[in-house]
Amino acid sequence: MTSRSIIMPFPARLKTGLKIDPVLVAITGALLLGGFVILASASISISDNAAGNPFFYIQRQLFAAALGVVAAGICLFIPMQVWQNLGPLMLFAGLALLVVVLIPGIGYEVNGSTRWVRVGFMNLQVSEPARLMILLYLSGYVAVRQETLRTELKSFLLPLGFVALACVLLLAQPDFGATTVLMATALAVLFAGGVRPRYFAVMLVLAAVALGVLAMGSEYRLRRLTSFMDPWADPYNAGFQLTQSLIAIGRGEWFGVGLGAGVQKLFYLPEAHTDFVFAVFAEEFGLAGSLVLIGLFFAMLWRIFHLAKRAASAERHFEAYLAIGLGTWLGLQAFINVGVNMGLLPTKGLTLPLISYGRSSLIITMICFGLLLRIHHELVVDAKPVN
């Protein structure tokens, strides 16, 4: 960060008005609007059956999107230096959320997992805000400790210890998918920060071994792990979700059966509006539509990592590492979700960003984009003299 940006008072920084990245806004808007369309189609039968209202889930998602837009707008007016200064507090708050959800009577259990706390009008999945809070701390830590990260092992182990603690708390819920994404995102930020390759390689191997042992140590996780290899061996039990997903994708062929004409969402495909919404999309829009959707995600990641490169070139290290972390998080989550739907990965319970139903996920994702747009604004403003 330049000395000019540090001493410049906040109101003066807004004299030129907000500088929004139109490309990132267009990509995000296209994914969000497309998500509303396919979610309305995927959830109509489930909504009618659960609440007697065919638009029950889409109405809740629209409300969450509105909250997300407001939260993202607030982030646009908060300097990135403030987020960096709040890093240690963010770490504490994120870990506290992961602890609170495990307290009996506070955590809310669904399908055997305690991942939510009731917050007024909605259930908050604590792993979503906790992941962002930990990433904010980690980005600030790496930005300040770049030199010692390259020379001292303890500087690498300290943040990794906090991440490991968060992973243990996530596994206690249990939430294996969120654990995987958090660990991978943390390692990506540390690697970008210049950690010695041998330290990184050792921790990468240890993390992979630990996740493998955890997967093998649980009969439920092991069944999920093995069922995706041959779902047709048990198509009415362990392989039911995946076989129905593959049937949906296969029915879509080249150009799909048409919006609303899919049949797998009609109580055949479990979690059609959340974890397996991509299968519904593939059935109704076919291979061509699926490639367009995947292309939008690639364009989003290209724009985010390009922003990280620009921030690094301007020596705004906190912003660069945060953008790298957010890009890794969103890209990995999208990759895992699509991979699960196509039978390439075992079921993880992760939503498709901006597409799947999930109010906590959508609100936090919108906040992430608000932070990215703020980074772009500061890069543009700091590059120009302000009268």
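Our structure's up above, just so we're on the same page.
Here the residue numbering is sequential within each chain, running from 1 through the sequence in written order. Local features in this predicted model are restricted to residues of pLDDT 70 or higher, and side-chain atom pairs are both shown and tallied only at a pLDDT of 80 or more, whereas totals for entire chains, interfaces and linings draw on every residue. As a convention, hydrogens and water are excluded, and side-chain values are obtained from all of the structure's heavy atoms.

*Asks:* Got a minute to help me understand the overall build of the protein in this structure?
*Replies:* Runs of H or I in DSSP of at least four residues are treated as helices and runs of E of at least two as strands, each being numbered from the N terminus. The helix and strand tally for the protein stands at 16 helices and 3 strands. All radius of gyration figures rest on C-alpha atoms, and the globule criterion is 2.2 Å times the number of residues raised to 0.38. The globule rule puts the C-alpha radius of gyration for 387 residues at 21 Å, and the 21 Å found for the protein is close to it. C-alpha atoms of the protein, sized along the principal axes, occupy 60 × 45 × 40 Å. Here's how the labels work: a residue is buried when its accessible area is under 20% of the maximum for its type, exposed when over 50%, partly exposed in between, all with a 1.4 Å probe on protein chains only. By the burial criterion, 52% of the 387 residues in the protein qualify as buried. The criterion used for residue contact is that any of the two residues' heavy atoms lie within 4.5 Å. Residue pairs at least 24 apart in sequence account for 73% of intrachain contacts in the protein once pairs closer than 6 positions are excluded. Accessible area for the protein stands at about 17,000 Å²; split by element, carbon and sulfur atoms hold 70% of it. Positive: Lys, Arg. Negative: Asp, Glu. His and the chain ends are not part of the count. The atom standing in for a charge is NZ when the residue is Lys, CZ when it is Arg, CG when it is Asp and CD when it is Glu. In the protein, 26 side chains carry a positive charge and 19 a negative one; their mean positions are 10 Å apart. Throughout, the Shrake-Rupley method with a 1.4 Å probe supplies accessible areas, and for residues the shown protein chains are the sole cover considered.

*Asks:* Help me understand the nonpolar core in this model?
*Replies:* Considering soluble globular proteins, one finds that nonpolar side chains tend to be buried as a cluster. Residues L132, M300, L322 and L352 are the most contacted members of the largest nonpolar core, which totals 105 residues. Residue contacts for L132: discarding those within four places in its chain leaves L326, W329, I364, I367, C368 and L371. Here the nonpolar core consists of buried residues drawn from Ala, Val, Leu, Ile, Met, Phe, Trp, Tyr and Cys, with membership extended through side-chain atoms lying within 4.5 Å.

*Asks:* Explain the packing of aromatic side chains here, please?
*Replies:* Any aromatic ring pair is given by two values, namely how distant the centres are and how the planes are angled relative to each other. Classification of ring pairs uses Phe, Tyr and Trp, with its six-membered ring standing for Trp, and accepts pairs whose centres are within 6.5 Å; under 30 degrees between planes counts as stacked, over 60 as edge-to-face, and the remaining range as tilted. Summed over the entire model, instances satisfying the criterion amount to 5 aromatic pairs. With a centroid separation of 4.8 Å and an interplanar angle of 70 degrees, the aromatic rings of Y57 and Y357 are classed as edge-to-face. Here the residue Y57 occupies a position in helix α4 (residues 56–75), and Y357 occupies one in the loop between α15 (317–341) and α16 (359–382), the gap between them amounting to 300 residues. Measuring from centroid to centroid gives 4.7 Å for F281 and F285, while their planes differ by 25 degrees, and the two rings are stacked. Of this pair, F281 and F285 both sit in helix α14 (residues 277–313), 4 residues apart, which is roughly one turn of the helix. An aromatic cluster of at least three residues, connected via ring pairs, comprises F56, Y57 and Y357. Should the NZ of a Lys or the CZ of an Arg lie within 6 Å of a ring centre and within 35 degrees of the ring normal, that charge is described as sitting over the ring. The ring of Y108 has R118 lying over it, and the distance from NZ or CZ to the ring centre is 3.8 Å.

*Asks:* Looking at this structure, I do not really get the pattern of salt bridges. What am I missing?
*Replies:* Side-chain pairs of opposite charge can arise where the charged atoms are in close proximity. Salt-bridge detection follows one rule: a side-chain nitrogen of Lys or Arg within 4 Å of a carboxyl oxygen of Asp or Glu. Evaluation of the coordinates by the stated rule reveals 9 salt bridges. Of the charged contacts in the structure, one is a salt bridge between E128 and R131, with a shortest N-O distance of 3.7 Å. A residue pair is termed a helical-turn pair when its members lie 3 or 4 positions apart in one helix, as E128 and R131 do in helix α7 (residues 127–144) at 3 residues. One salt bridge in this structure joins E378 and R316, with 2.2 Å as the shortest N-O distance. In this pair, E378 is assigned in helix α16 and R316 in the loop between α14 and α15, connecting sequence segments 62 residues apart. We note that E378, like R316, is buried.

*Asks:* I'm lost on the sheet that holds strand β2 (residues 113–119) in this one. Help?
*Replies:* The strands making up a sheet are joined through hydrogen bonds of the backbone, oriented either antiparallel or parallel. Reading across the sheet, the 3 strands line up as β1-β2-β3 and stay open at both edges, with antiparallel pairing between neighbours. The strands lining the two open edges of the sheet, one partner per strand, are β1 (107–110) and β3 (122–125). Mean inter-strand twist for the sheet, computed between neighbouring axes without regard to direction, equals 50 degrees. Pairing between two strands requires that DSSP report at least two bridges joining them. To obtain each axis, a line is fitted to C-alpha atoms, and for helices this fit is confined to the stretch in contact; angles are then taken between N-to-C directions over 0 to 180 degrees.

*Asks:* Explain a nonpolar patch on the surface here, please?
*Replies:* Together, L18, I20, V25 and F77 give the surface a local cluster of nonpolar side chains, amounting to about 300 Å² of exposed area. Tracing the chain through its elements places V25 in helix α3 (residues 22–51). Patches here: salt-bridge-free residues with over 30% relative accessible area, like charges joined within 9 Å, nonpolar side chains (Val, Leu, Ile, Met, Phe, Trp, Tyr) joined within 5 Å.

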